[in-house]
Amino acid sequence: MSDFGFSIQARHGLGRAGVIHTPHGEIRTPAFIAVGTKANVKAVLPESLAQLGAQAVLANAFHLYLQPGPAIVDAAGGLGAFMNWPGPTFTDSGGFQVMSLGAGFKKVIAMEASELDRDDKASARGRKRLSRVDEDGVDFRSPLDGSKHRFTPEVSMGVQHQLGADIMFAFDELTTLRNTREYQERSVERTQRWAQRCLDEHVRLTELRAGKPYQALFGVVQGAQYEDLRRQACQGLAATRSGEAGFDGYGIGGALEKHAIGEIVGWCAQELPEDKPRHLLGISEPEDIFTAVASGADTFDCVMPSRVARNAAIYTARGRYNVDTAGCRGVLEPLEDGCDCYTCQHYTKAYLHHLFKAREMLAATLATIHNERFTVRLVDNIRASLVDGTFEDFRDDFLVHYQRRS
Ligand SMILES: [Zn+2]
């Protein structure tokens, strides 16, 4: 039944290099998964994305549920066909976005109306809370038009099956670092109950939709910064079964402070089944990629390369700079010396500087292509270093030269 699998080719401590097999092709890991929230990577054609070496795209169930609606994506033949991306696709469950409406923080979340106390009712200043969590699911209002909706584990699974991505995530409750320890404990237990419901519904829908390409389901580990809760969450998910079926892989989610990424991913890698892939949900900077991989993450999504590109920030091996600043005016050199991307092969800093100053849309396209290629190439090199046993040398050499100048 399953065209999904994972094989490990090389190990280095908790880190490993491998291959994820999906019905839409292979993902060589460790892999950076490009973020295409609304079924597109902003400003770039799928052809450009393939050309720069991106292996897979991650879209968001919450956004596609609201717009255009999962039935349209299903009728189009699934997410990949709808967006003209022939390779593997991921969807995340919508939990993060739904619960971000809760407190209005950037990296937010969680609230149970009956249990609001102290820190647990914290919400960002001036933001109206748009969602409420209960045992069964989450009520929320659409940020688009204010209409009322409800996500439950079963609804999220139904939406994600219609979206048809190769890899889906179980619907989880997110918490913030400001939530109390007591709330985090209850939340981890609830997320485990939701994981079981997701797996049950996933098995039911897989049978119901027999004939469609197999969609893998990853359980999501929560537990914030607490070692015992993270380990407990991993053990619970690893043991979860629906009939014969278990999770195909695992997502590591929730509130992660930059300095704790390695520690938290490491706890999870020690507890989760060795033969299943692990995805770290949402990291930001190049230096975090080394930490995530060394600690056992096989894939990770990262919105930063494209997000900052639209604001003229350019990644290079010597750090980040802004191409719209005066120093780049009239400079007839590529964005980065030696870069093999389409933008650097054909355009100059002077041209990009001009496009950003003139507010031309092509600026975002060309800058995004460079930053996405930079990230893909970095992770390809990390993979090669794991295979040939030079990971630490490569990391140390990269980080010595890489300094953020933004
Ligand atoms: Zn380039």
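Predicted, not measured: the structure shown is a model, and the values here were computed from it.

Novice: Just give me the short version of the overall build of the chain, but keep the residues and values in it.
Specialist: Secondary structure summary: the chain contains 15 helices and 16 strands in total. A buried classification covers 49% of the 406 residues belonging to the chain.

Novice: Quick one: what's the story with unusual backbone geometry, residue by residue and with numbers?
Specialist: Of note, the bond from threonine 29 into proline 30 is cis; its omega dihedral lies within 30 degrees of zero at 0 degrees. Within the secondary structure, proline 30 sits in the loop between strand S3 (25-29) and strand S4 (31-35). In this structure, proline 68 follows glutamine 67 across a cis peptide bond, with omega equal to 10 degrees. With respect to the element layout, proline 68 can be found in the loop between helix H2 (61-66) and helix H3 (70-75).

Novice: I'd love a proper account of the sheet that holds strand S12 (residues 249-252), names of residues and values included.
Specialist: An order of S4-S5-S6-S10-S11-S12-S13-S14 is seen for the eight strands of this closed barrel, with the pairing classed as parallel. Put simply, the sheet's adjacent strands are angled 30 degrees from each other on average, direction ignored. As paired strands, strand S11 (residues 216-221) and S12 are joined by four bridges and run parallel to one another. Among the inter-strand pairings, valine 220 is bridged to a residue of S12, identified as glycine 251. Of the strands in this sheet, S11 and S12 are in contact with helix H8 (residues 227-239), which crosses S11 at around 155 degrees.

Novice: Before we move on, can you summarise the domain arrangement of the chain with the specific residues and values?
Specialist: Taken domain by domain, the chain consists of domain 1 (5-302) and domain 2 (316-401). When each unit is reduced to the centre of its C-alpha atoms, the spacing between domain 1 and domain 2 is 28 Å. The set of elements that each furnish at least two residues to the side of domain 1 that touches domain 2 consists of strand S1 (5-12), strand S2 (15-22), S4, helix H1 (46-51) and helix H10 (286-294). Among the elements that make up the side of domain 1 that touches domain 2, the one with the highest residue count is H10 (five residues). Classifying every residue of the side of domain 1 that touches domain 2 by side-chain character gives 16 nonpolar, six polar and four charged.

Novice: Which residues make up the packing of H10 against helix H14 (residues 361-387), and what are the values?
Specialist: Their axes nearest at 11 Å, the elements H10 and H14 cross at an angle of 30 degrees. Classified by the angle their axes make, H10 and H14 are roughly parallel. Considering how the two elements wind past one another, H10 and H14 form a crossing that is right-handed. The segment H10 lies against H14, with Pro286, Ile289, Phe290 and Val293 engaging Leu378, Val379 and Ile382. Of the residues that constitute the contact of H10 with H14, the class distribution is seven nonpolar, no polar and no charged.

Novice: Describe the packing of helix H13 (residues 349-357) against H14, listing the residues and the values that go with them.
Specialist: Relative orientation of the contacting elements H13 and H14 amounts to 135 degrees, with a least axis distance of 7 Å. Between H13 and H14, the angle is such that the two are oblique. Our pair here, H13 against H14, has a crossing hand that is left-handed. From H13, Leu352, Leu355 and Phe356 reach across to H14, where they touch Leu362, Ala363, Leu366 and Ala367. The residue inventory of the contact of H13 with H14, partitioned by class, reads seven nonpolar, no polar and no charged.

Novice: Describe the nonpolar core, naming the residues involved and giving the relevant values.
Specialist: Counting residues in hydrophobic clusters, the biggest one holds 109 residues, and the most contacted among them are Ile33, Ala170, Phe218, Val265, Cys268, Ala292 and Val323. In terms of residue count, the dominant contributor to this core is H14 (10 residues). Counting the residues that make up this core, at least three belong to each of domain 1 (5-302) and domain 2 (316-401).

Novice: Describe the environment of glycine 338, and please don't skip the residues or the numbers.
Specialist: Within the fold, glycine 338 resides in the loop between strand S16 (319-322) and helix H12 (342-346). Among the residues examined, glycine 338 registers 8 C-beta atoms within 10 Å and is labelled exposed. Through-space distance from the C-alpha of glycine 338 to that of aspartate 380 is 16 Å; in sequence the pair is 42 residues apart.

Novice: Talk me through the pairing of strand S8 (residues 138-141); I want residue IDs and the actual numbers.
Specialist: Burial along S8 is one-sided: Val138 and Phe140 are buried, while Asp139 and Arg141, pointing the other way, are not. What sits between the antiparallel neighbours strand S7 (residues 131-133) and S8 is a turn of four residues. Note that S8 and strand S9 (residues 148-151) share four bridges and pair antiparallel. Bridge assignment links aspartate 139 to a residue of S9, and that residue is arginine 150. Between the end of S8 and the start of S9, which pair antiparallel, lie six residues, with glycine 146 showing a positive phi angle near 80 degrees.

Novice: I'd like to hear about the sheet that holds S2, residue by residue, with values.
Specialist: Hydrogen bonding along the main chain pairs the strands of a sheet, whether they run parallel or antiparallel. Strand order in this open sheet of three strands is S1-S2-S3, and the pairing throughout is antiparallel. Looking at the sheet topology across the chains shown, the edges are occupied by S1 and S3. Each adjacent strand pair in this sheet contributes to an overall mean axis angle of 10 degrees, direction not counted. Direction of pairing for S1 relative to S2: antiparallel, over a ladder of seven bridges. Bridge pairing in S2 links serine 7 to valine 19. In this fold H14 packs onto S1, S2 and S3, with an angle of close to 115 degrees to the strand it touches most, S2.

Novice: Account for helix H9 (residues 261-271), with residues named and values stated.
Specialist: Listed as buried for H9 are Ile261, Ile264, Val265, Trp267, Cys268 and Ala269. Buried positions along H9 lie against S11, H8, S12, strand S13 (278-280) and H10.

Novice: I'd like to hear about the pairing of strand S6 (residues 89-92), residue by residue, with values.
Specialist: By the alternation rule, side chains of S6 split into Thr89 and Thr91 and Phe90 and Asp92, which are all buried. The pairing of strand S5 (residues 57-60) with S6 spans four bridges and is parallel. Directly across from asparagine 60, in S6, lies its bridge partner aspartate 92. Examined bridge by bridge, S6 and strand S10 (residues 167-169) share two bridges and lie parallel to one another. Considered in S10, the bridge of phenylalanine 90 is made with isoleucine 167.

Cut-offs applied
- Residues numbered from 1 in each chain as written.
- Predicted model: local features only at pLDDT ≥ 70, side-chain atom pairs only at ≥ 80, totals over all residues.
- Helix = DSSP H or I, 4+ residues; strand = E, 2+ residues; numbered from the N terminus.
- Buried ≥ 20, exposed ≤ 12 C-beta atoms within 10 Å, placed from the backbone.
- Pairing = 2+ DSSP bridges.
- Axes fitted to C-alpha atoms, helices over the stretch in contact; angles between N-to-C directions.
- Contact = placed C-beta atoms within 7 Å.
- Domains from an automatic or database assignment.
- Nonpolar A, V, L, I, M, F, W, Y, C, P; charged D, E, K, R; others polar.
- Parallel < 35°, antiparallel > 145°, perpendicular 65-115°, else oblique.
- Left-handed = near helix turned anticlockwise from the far one by under 90°.
- Core = buried A, V, L, I, M, F, W, Y, C linked by C-beta atoms within 7 Å.

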